There are 2 protein chains.
Amino acid sequence: LSSSSVSAVVLRPRRRMVVKAAAEGINPEIRKTEAKVVDTVVVTELSKPLTPYCRCWRSGTFPLCDGSHVKHNKATGDNVGPLLLKKE
Amino acid sequence: LSSSSVSAVVLRPRRRMVVKAAAEGINPEIRKTEAKVVDTVVVTELSKPLTPYCRCWRSGTFPLCDGSHVKHNKATGDNVGPLLLKKE
Ligand code: FES
Ligand code: FES
């Protein structure tokens, strides 16, 4: 064999890709300039008999619940809902 | 040139993979048998001057906050925190 008829081609092996999800945040948008979003409710000042507070981080009226958890649950299969403050 | 000196090797192109995250739920573990996790607090029954309620869905004492939001925020870069119910 002449040397010109011998060729070696190194093929990259088919890589197995493992895509690992990083742990995800749960608040995409609310008050992201704050290091920690904490809200205080003085319960004696509640005006309505029942006031829902958001725990889904999707409400347009955060910290109050505006019902956005319904859309979030439908889109993701999640099961989150508000905390209801009851005056009674 | 003799034919034996010519070789064609077809290399698979380097694939560009785009991994798109689906919208994610925010509650991995709490009461997943319930369609929607809603809790009610009768505010007149609060015993302490200040009671923190969980909004991170990581508390071991849900619906109360046990401080687990700190670990969640560190692990993910998130900025979530509890709702504080203040008695007066
Ligand atoms: S809008 Fe967030 S819990 Fe209802
Ligand atoms: S443990 Fe969830 S907000 Fe503190």
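Criteria and cut-off values
Residues numbered from 1 in each chain as written. Chains lettered and ligands numbered in written order. Predicted model: local features only at pLDDT ≥ 70, side-chain atom pairs only at ≥ 80, totals over all residues. Heavy atoms only, no water. Helix = DSSP H or I, 4+ residues; strand = E, 2+ residues; numbered from the N terminus. Rg over C-alpha atoms; globule rule 2.2 N^0.38 Å. Buried < 20%, exposed > 50% of the residue type's maximum accessible area, 1.4 Å probe, protein only. Areas by Shrake-Rupley, 256 points an atom, 1.4 Å probe, with all protein chains shown as cover. Lys, Arg positive; Asp, Glu negative; His and termini not counted. Charge placed at Lys NZ, Arg CZ, Asp CG, Glu CD. Pairing = 2+ DSSP bridges. Axes fitted to C-alpha atoms, helices over the stretch in contact; angles between N-to-C directions. Least-squares fit on C-alpha atoms with pLDDT ≥ 70 in both. Polar contact = N/O pair within 3.5 Å; in protein donor to acceptor, adjacent residues only side chain to side chain. Contact = heavy atoms within 4.5 Å. Buried area = accessible area lost by both parts, 1.4 Å probe. Salt bridge = Lys/Arg side-chain N within 4 Å of Asp/Glu carboxyl O. Nonpolar A, V, L, I, M, F, W, Y, C, P; charged D, E, K, R; others polar. pLDDT = per-residue confidence, 0-100.

## A word on the overall build of chain A
- Along chain A, the regular secondary structure elements total 1 helix and 3 strands.
- Starting at the N terminus and walking to the C terminus, you meet the elements of chain A as β-β-α-β.
- Its C-alpha atoms give chain A a radius of gyration of 27 Å, more than 25% over the compact-globule value 12 Å for 88 residues.
- Projected onto its principal axes, the C-alpha coordinates of chain A cover approximately 95 × 30 × 15 Å.
- The buried share of chain A, taken over its 88 residues, is 32%.
- As displayed, chain A has an accessible area near 6,000 Å², and 55% of this comes from carbon and sulfur atoms.
- Between the averaged position of the 15 positive side-chain charges in chain A and that of its 8 negative side-chain charges there is a distance of 13 Å.

## A closer look at the sheet that holds strand β3 (residues 80–86) of chain A
- Reading across the sheet, the 3 strands line up as β2(A)-β3(A)-β1(B) and stay open at both edges, with mixed pairing between neighbours. Two strands close off the open sheet at either side, each with one partner strand: β2 (50–53) of chain A together with β1 (37–42) of chain B. Looking at each pair of strands side by side, their axes are set apart by 25° on average, direction ignored.

## Some words on the relation of the copies chain B and chain A
- Expressed as a screw transformation, the operator carrying chain B onto chain A has a rotation angle of 179° and an axial translation of 0.2 Å, and the superposed copies differ by an RMSD of 1.4 Å. In short, the pair behaves as if placed about a two-fold rotation axis.

## With respect to the side chain of B:R55
- Here B:R55 is to be found in the loop between β2 (50–53) and α1 (69–76).
- At a separation of 2.9 Å, a polar atom in the side chain of B:R55 contacts the main-chain carbonyl oxygen of B:G81.
- Setting aside residues up to four positions removed in sequence, B:R55 forms contacts with A:I26, A:V37, A:V38, A:D39, A:C54, A:R55, A:W57, A:F62, A:P63, B:G81, B:P82 and B:L83.

## Some thoughts on the interface of chain B and chain A
- With 53 residues of chain B in contact, the opposing surface of chain A contributes 53 residues.
- Summing both sides of the interface, chain B and chain A together bury roughly 4,100 Å²; the carbon and sulfur share of this comes to 59%.
- At the surface where chain B touches chain A, the tally comes to 4 salt bridges.
- Across the pair B:K32 and A:D78 runs a salt bridge, and its minimum N-O distance is 3.0 Å.
- Taken together, the links from chain B to chain A amount to 35 residue pairs in polar contact (both at pLDDT 80 or more).
- Looking at the side of chain B that touches chain A element by element, the count peaks at 7 residues for strand β3 (residues 80–86) of chain B.
- Its residues assigned to classes, the side of chain B that touches chain A comprises 26 nonpolar, 13 polar and 14 charged.
- As paired strands, strand β1 (residues 37–42) of chain A and β3(B) are joined by 5 bridges and run parallel to one another. The residue of β3(B) that forms the bridge with A:T40 is B:L84.

## Regarding the confidence of the model for chain A
- A residue-level look at chain A finds 91% of positions with pLDDT of 70 or above and a mean pLDDT of 90.
- In the model output, the complex is listed with pTM 0.80 alongside ipTM 0.81.

## Observations concerning the pairing of β3(B)
All names here are of chain B.
- Of all 7 residues in β3, 6 are buried; the element is thus mostly enclosed.
- Bridge count for β2 against β3 is 4 bridges, and the pairing is antiparallel. Paired with Y53 across the strands is L83, a residue of β3.

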